[in-house]
Amino acid sequence: MSSQITIARRSSVPSSPYSSVGLAVGNTPLAYVPGPGGTGPGFWAKLEGFNPGGIKDRPALHMIRRARARGELRPGATIVESTSGTLGLGLALAGIVYSHPVVLVADPGMEPLMRHLLASYGARVEIVAEPHATGGWQQARRDHVARLLRRIPGAWCPDQYNNPDNVGAYAGLAHELLGQLPHIDVLVCSVGTGGHSAGISKVLRQHFPDLELVGVDTVGSTIFGQPARPRLMRGLGSSIHPRNVAYDSFSEVHWVNAAEAVWTCRTLAAGHYVSGGWSTGAVALVARWLATTRPAATIVAVFPDGPWRYWDTVFDDGFCAARGLLDAPPADRPDEITTPGEREVARWTRCTTVSDPSGTAGSGR
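Bear in mind the structure is a predicted one, so any value in this text is a computation, not a measurement.

### Comments concerning the packing of helix α6 (residues 171-180) against helix α7 (residues 195-204)
Piece 1. For the pair α6 and α7, the least separation of the axes is 8 Å and the interaxial angle reads 45°. By the criterion of interaxial angle, the relationship of α6 to α7 is oblique. Along this stretch, α6 crosses α7, giving a crossing that reads as right-handed. Together, Ala171, Leu173, Ala174, His175, Leu177 and Leu178 of α6 and Ile200, Val203 and Leu204 of α7 make up the contact between the two elements.

So this is what it looks like as structure tokens:
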């Protein structure tokens, strides 16, 4: 019996994004989030949750479109990629738009809702059983992707962590911001693959050379030089060093823990009717503090998705209580370290020295 996997081809449908839900990607709203109590300086939130699947609809469509144009992805070939969720939604959309089967590799931390959504959109999801000894769940997923690429004839992987098209996909988001605000002083982004922080800041700096880019990571992530630890928060952070992270573009980096993100997500929802998941909570916490320290600055925070897929995690009292994430409001200001390797951090912490711990990542300048 052959060991190759047979993937059912999608039925023939129009493959132009201009005749599909692909038109719904982009032109997301910008909302002003005032300071605590509705007074004092606040920040602008770019609400990427208004895309069909979230912020990663943008790179999913762009990476597939560019790969098809170069001939790397043949018509009807299978797309295979690792995902914690949001990129998977984008790739499922791209698979429908361009008529490609999609196989996604996830880990046991993927929410049941996300698994069902991806399956309903026609993607096949495979779950890895064990984390990699040093690279954690991310490396385990990437290793399984490599096995699938060898077994599925003609399969192609976007390689979101290292694909420059991931960065280039966010030029449109940057131009939307340019049309929405006359000036931007500070851009606050969560960092996972490094795509949206690098892509947006690169374009904005052509118009605002003094723009400050603030990165937001999760406790337990290796991206900015902290040791790898098991992480509850998904969508930001990494156990590997993606080449798309533009280290020399960052003015500073903040690490945020899960309880701090939960408190901020819930506070946003109750007070402003805008919120999201782990990344949104972490980014909003940092942006809110930056607004108090720089009251004259125009600060933009990118909210990668909305709150809906987090009903049984961030917004579930039982889930959060079992993990000690409730009744723990964050401090009024971050802790400070002078270098990322000074010590291991466990709560909201800021560092203004940013460097590439691996020596291999790209530049957004």
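### Here's the deal with the pairing of strand β4 (residues 102-106)
Piece 1. Taking burial as the measure, the 5 residues of β4 include 5 buried ones, the bulk of the element.
Piece 2. Side chains of β4 alternate between two faces, with Val102, Leu104 and Ala106 and Val103 and Val105 buried alike.
Piece 3. The pairing of strand β3 (residues 79-82) with β4 spans 4 bridges and is parallel. Each residue of the ladder has a partner; that of Ser82, found in β4, is Val105.
Piece 4. With helix α2 (residues 86-98) bridging β3 and its parallel neighbour β4, the resulting β-α-β unit is right-handed.
Piece 5. With 4 bridges joining them, β4 and strand β5 (residues 124-127) adopt parallel strand pairing. Bridging across to β5, Val105 finds its partner in Glu126.

### Here's the deal with the pattern of salt bridges
Piece 1. Taken as a whole and judged by the stated rule, the model has 19 salt bridges.
Piece 2. Note that Glu126 is salt-bridged to Arg124, the shortest N-O span being 2.7 Å.
Piece 3. Its relative accessible area of 19% is what places Glu126 among the buried residues.
Piece 4. Residue classification places Arg124 among the partly exposed residues on the basis of a relative accessible area of 31%.
Piece 5. For Asp305, the salt bridge is made with Arg309, and the minimal N-O distance between the two is 3.9 Å. The residues Asp305 and Arg309 share a single accessibility class, namely buried.

### Overview of the nonpolar core
Nonpolar side chains in soluble globular proteins generally cluster together in the buried interior.
Piece 1. Formed by 38 residues in total, the largest nonpolar core has its most connected members in Phe43, Val188, Trp278, Val286, Leu290, Ile299 and Phe303.
Piece 2. Of all the elements in the fold, those that place two or more residues in this core are β1 (30-33), β2 (43-47), β6 (186-190), β7 (212-218), α8 (258-272), α9 (278-293), β9 (299-303) and α10 (317-322).
Piece 3. Of all the elements, α9 adds the most residues to this core, at 10 residues.
Piece 4. Residue contacts for Val286: discarding those within four places in its chain leaves Val188, Val214, Val216, His254, Val256 and Trp348.

### Comments concerning the packing of helix α1 (residues 57-70) against α2
Piece 1. Where α1 contacts α2, the axes come no closer than 7 Å and their chain directions differ by 45°. Accordingly, the angle class assigned to the pair α1 and α2 is oblique. In terms of crossing hand, the pair formed by α1 and α2 is right-handed. Touching Asp57, Ala60, Leu61, Met63, Ile64, Arg65 and Arg68 of α1 are Leu87, Leu89, Gly90, Leu91, Leu93, Ala94, Val97 and Tyr98, all from α2.
Piece 2. A class-by-class count of the residues in the contact of α1 with α2 yields 11 nonpolar, 1 polar and 3 charged.

### Structural notes on the UniProt feature "domain: Tryptophan synthase beta chain-like PALP" (unreviewed entry) in the chain
Piece 1. In the UniProt entry, the feature "domain: Tryptophan synthase beta chain-like PALP" (unreviewed entry) is given for residues 23-305.
Piece 2. Spanning residues 23-305, this segment combines 38% helix with 16% strand, and its end C-alpha atoms are found 18 Å apart.

Definitions and cut-offs
- Residue positions are given per chain, counting from 1 as you read along its sequence in written order.
- This being a predicted model, a pLDDT of at least 70 is required before a residue's local features are given, and a value of 80 or more before pairs of side-chain atoms are given or counted; all residues contribute to the totals for chains, interfaces and linings.
- Just so you know, side-chain values use all the structure's heavy atoms and leave hydrogens and water out.
- Axis definition: a line fitted to C-alpha atoms, limited for helices to the stretch in contact. Angles are taken between N-to-C directions and run from 0 to 180 degrees.
- Runs of E in the DSSP output that reach at least two residues are strands. Runs of H or I that reach at least four are helices, and both are numbered from the N terminus.
- Oblique is the label for any angle not under 35 degrees, not over 145, and not in the 65 to 115 range, which are roughly parallel, roughly antiparallel and roughly perpendicular in turn.
- In this scheme, a crossing is called left-handed if the near helix is turned counterclockwise away from the far one by less than a right angle; it is called right-handed if the turn is clockwise.
- Contacts were defined at the residue level, with two residues in contact if any of their heavy atoms lie within 4.5 Å.
- Under the scheme applied here, a residue whose accessible area is under 20% of the maximum for its type counts as buried, over 50% as exposed, and between as partly exposed, the area being computed with a 1.4 Å probe on protein chains only.
- By the convention used here, strands pair only if DSSP detects at least 2 bridges between them.
- Looking down the strands as they point away from the viewer, one classifies a crossover as right-handed if the path from the first strand across the helix to the second runs clockwise.
- The salt bridge criterion pairs a side-chain nitrogen of Lys or Arg with a carboxyl oxygen of Asp or Glu, the two atoms within 4 Å.
- Buried Ala, Val, Leu, Ile, Met, Phe, Trp, Tyr and Cys residues that are joined via side-chain atoms within 4.5 Å together make up what is termed a nonpolar core.
- Classification used: nonpolar for Ala, Val, Leu, Ile, Met, Phe, Trp, Tyr, Cys and Pro, charged for Asp, Glu, Lys and Arg, polar for all others including Gly.
- UniProt positions are given in the numbering used here, feature names are shortened, and annotations may be inferred rather than shown by experiment.

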